[in-house]
Amino acid sequence: MRNSKKAALLVAAMLGFSVGAHAADIDTSKRIHVAMVPKLIGLSVFKANEKGAIEAAKKLNINFLYTGPVTASAQGQVDVFNSLIARRFNVITTTSNNPTELAPALRRAMKMGIKVVSYDSDVAPDARDFFIQNTAYPAFGKALVDSVAKYIKPDAKIAILSSTPDATIQNAWIDALKTYMAATYPKMTIVTTQYGQSSPSQSLTAGLNILQANPGVTGIIAPDGAAEVGAAAAVQKLGLTGKVIVGGCSDPDSIRQYVKAGVIKESPLWDEVKEGELVMYVARLAYNNAIQKNSTFTAGDLGTFTAKDGVIIFSTPLIFNASNIDKYHF
């Protein structure tokens with residue numbers, strides 16, 4: 001066993017990665033203050049992140065605060081950051097509404113010695129220490145397309161219903177799904193892209209507008225939790241179940257009824273609760289200076305992860321469908 005461990009360390013060193021601390025080696029002697037700032041308060045996927053973060057914070061001697069704007073507002077996040085900076089929090093973690101608008105405040109935090117960890121939706125790379133990327137973008141783009149393309153014609157007309165025009169993660173997924181769609185379903189066309197502002201009610205309105213203005217649409221890809229719920233509700237409201245397939249990404253509790261009704265056949269995501277745990281592990285290790293931009297590290301029972309140029313990929317896509325959705329509750 002000892003020789004195997006030495007061999008693993010040698011391989012990591014040869015590949016240019018440093019090896020970070022294992023869970024038992026994490027220094028938790030000093031209690032630190034860590035804030036989690038989602039795009040907005042109240043969205044279920046971010047509440048799942050909070051749940052996992054709270055559990056990990058207990059293990060890591062972290063005084064945890066969950067706070068953010070009530071709407072998907074970049075300025076709202078900046079106002080929260082400024083308050084956290086004034087209160088001298090040790091680490092700020094956040095998922096971004098706008099990567100450039102958030103950057104000046106986060107750069108100021110870093111200059112004051114505050115560690116910054118982005119997750120889900122990145123900020124400008126020079127405005128954070130680490131970014132926890134949900135999944136590899138090409139893999140998630142493929143999963144989003146397949147969530148509808150398997151169930152409609154190869155030359156179908158589809159629509160995209162996203163969150164906001166500036167959302168980093170949604171735009172990265174949309175770029176990835178377009179690349180995959182062009183290569184795999186070249187006759188499929190995107191007729192419109194709309195935005196629901198990460199609001200279920202505004203997403204419902206946008207979904208209704210899409211379907212009423214584009215009667216030929218047979219699939220909607222909604223790469224946002226509120227957008228997928230809004231699109232599915234719009235399909236049901238217009239009596240189009242079975243005629244229009246909705247795919248996207250949302251937590252299982254929010255879409256369960258639509259999956260069981262057949263409006264949503266597949267919905268890729270990841271375990272949001274465990275991602276929240278990982279955010280706290282990275283926050284603690286970043287504060288301790290126990291991981292570097294290119295390194296491997298262990299985050300408790302979550303396992304071993306690799307940071308490459310400060311980017312940490314959390315998971316492969318987890319596909320929710322009618323056969324497995326009742327196994328997940330968040």
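This report concerns the structure included in the present document. This structure is a prediction, so every number in the text was calculated from the model and none was measured.

In this section: the packing of aromatic side chains. Within this structure, the stated rule accounts for 7 aromatic pairs. Ring centres 4.5 Å apart and planes at 40 degrees place the aromatic pair Phe140 and Trp173 in the tilted group. Highlighted residues: Phe140 in helix H5 (residues 137-149) and Trp173 in helix H6 (residues 168-184), separated in sequence by 33 residues. Judged by relative accessible area, Trp173 falls into the buried class, the value being 2%.

Another point: the sheet that holds strand S8 (residues 189-195). One open sheet accounts for 4 strands, arranged S8-S7-S9-S10; its pairing is parallel. Among the strands making up the open sheet, the edge pair consists of S8 and strand S10 (245-248). Geometrically, the sheet is characterised by an average inter-axis angle of 20 degrees between neighbouring strands, direction not taken into account. Here strand S7 (residues 157-162) pairs with S8 via 6 bridges, running parallel. The residue bridging Ala159 from the neighbouring strand is Thr192, located in S8. Relative to S10, H5 is tilted by about 165 degrees, and along the sheet it contacts strand S9 (217-222) and S10. Relative to S7, H6 is tilted by about 165 degrees, and along the sheet it contacts S7, S8 and S9.

Two side chains with opposite charge may pair up if their charged atoms get near one another. For the coordinates displayed, the defined rule picks out 9 salt bridges. Put simply, Lys47 and Glu50 hold a salt bridge, and the shortest N to O gap is 2.8 Å. Taken as a pair, Lys47 and Glu50 lie in helix H2 (residues 44-59) at a separation of 3 residues, close to a single helical turn. Its relative accessible area of 14% is what places Glu50 among the buried residues. Where Glu55 meets Lys58, a salt bridge forms, and the shortest distance between an N and an O atom there is 3.3 Å. Linking Glu55 with Lys58, this pair stays in helix H2, spanning 3 residues, or about one helical turn. Looking at Glu55, the relative accessible area reads 40%, which means it is partly exposed. Classification of Lys58 as exposed rests on a relative accessible area of 62%.

Where empty space is left in the structure can be found by rolling a water-sized probe over the atoms. Evaluated as defined, the whole model comprises 1 cavity of 30 Å³ or more. In this structure, the largest cavity occupies an estimated 120 Å³ of space. In this structure, the largest cavity is lined by 14 residues; those nearest its centre are Val45, Asp120, Gln170, Asp224 and Gly225. Secondary-structure elements contributing two or more residues to the lining of the largest cavity are H2 and H6. Partitioned by chemical class, the residues of the lining of the largest cavity number 7 nonpolar, 3 polar and 4 charged.

This paragraph deals with unusual backbone geometry. For Asn289, which is not glycine, the phi torsion reads 55 degrees and is therefore positive. The topology assignment puts Asn289 in the loop between helix H10 (272-287) and strand S12 (295-298). For Asp309, which is not glycine, the phi dihedral falls at a positive 55 degrees. Mapped onto the fold, Asp309 is located in the loop between strand S13 (304-308) and strand S14 (311-313).

Our focus in this paragraph is the nonpolar core. The biggest cluster of nonpolar side chains holds 86 residues, and the ones touching the most others in it are Ile132, Ile220, Leu278, Met280, Val282, Phe297 and Ile312. When residues in this core are grouped by element, the largest group, 9 residues, is from H10. The residues contacting Met280, other than those within four sequence positions of it, are Val34, Met36, Ala53, Ala56, Ala57, Leu60, Ile62, Phe64 and Thr93. With 20 residues, the next largest nonpolar core counts Phe81, Leu102, Leu106 and Ala127 among its residues.

Structurally, Ser118 is set in strand S5 (residues 115-119). For the pair Ser118 and Phe131, spaced 13 residues apart in sequence, the C-alpha separation works out to 4.6 Å. Excluding anything up to four places from it in sequence, Ser118 contacts Thr94, Val123, Arg128, Phe130, Phe131 and Ile132.

Quick look at the packing of H5 against H6 now. Orientation of H5 relative to H6, taken along the N-to-C sense of each, is 70 degrees, at an axis distance of 7 Å. Taken together, H5 and H6 sit at an angle that is classed as roughly perpendicular. By crossing handedness, the relation of H5 to H6 is classed as right-handed. Contact with H5, carried on its side by Tyr137, Pro138, Phe140, Gly141, Lys142, Leu144, Val145 and Asp146, involves Ile169, Ala172, Trp173, Ala176, Leu177, Tyr180 and Met181 of H6 and no other residues of that element. For the contact of H5 with H6, a count of residues per class yields 12 nonpolar, 1 polar and 2 charged.

With that out of the way, let us pick up helix H7 (residues 200-213). When the terminal C-alpha atoms of H7 are compared, their 20 Å separation across 14 residues agrees well with the 20 Å that a helix rising 1.5 Å per residue should span. Along H7, the positions that sit buried rather than exposed are Ser203, Ala206, Gly207, Leu208, Ile210 and Leu211. Along its buried surface, H7 packs onto S7, S8, S9 and helix H8 (225-237).

Thresholds applied
- Residues numbered from 1 in each chain as written.
- Predicted model: local features only at pLDDT ≥ 70, side-chain atom pairs only at ≥ 80, totals over all residues.
- Heavy atoms only, no water.
- Phe/Tyr/Trp six-rings, centres within 6.5 Å; stacked < 30°, edge-to-face > 60°.
- Helix = DSSP H or I, 4+ residues; strand = E, 2+ residues; numbered from the N terminus.
- Buried < 20%, exposed > 50% of the residue type's maximum accessible area, 1.4 Å probe, protein only.
- Pairing = 2+ DSSP bridges.
- Axes fitted to C-alpha atoms, helices over the stretch in contact; angles between N-to-C directions.
- Contact = heavy atoms within 4.5 Å.
- Salt bridge = Lys/Arg side-chain N within 4 Å of Asp/Glu carboxyl O.
- 1 Å grid on protein atoms, 1.4 Å probe; cavity = no way out; pocket = protein on both sides within 12 Å on 5 of 7 lines; lining within 4 Å.
- Points joined across faces, edges and corners; volume = space filled by probe spheres on them.
- Nonpolar A, V, L, I, M, F, W, Y, C, P; charged D, E, K, R; others polar.
- Core = buried A, V, L, I, M, F, W, Y, C linked by side-chain atoms within 4.5 Å.
- Parallel < 35°, antiparallel > 145°, perpendicular 65-115°, else oblique.
- Left-handed = near helix turned anticlockwise from the far one by under 90°.
- Expected span 1.5 Å × (residues − 1).

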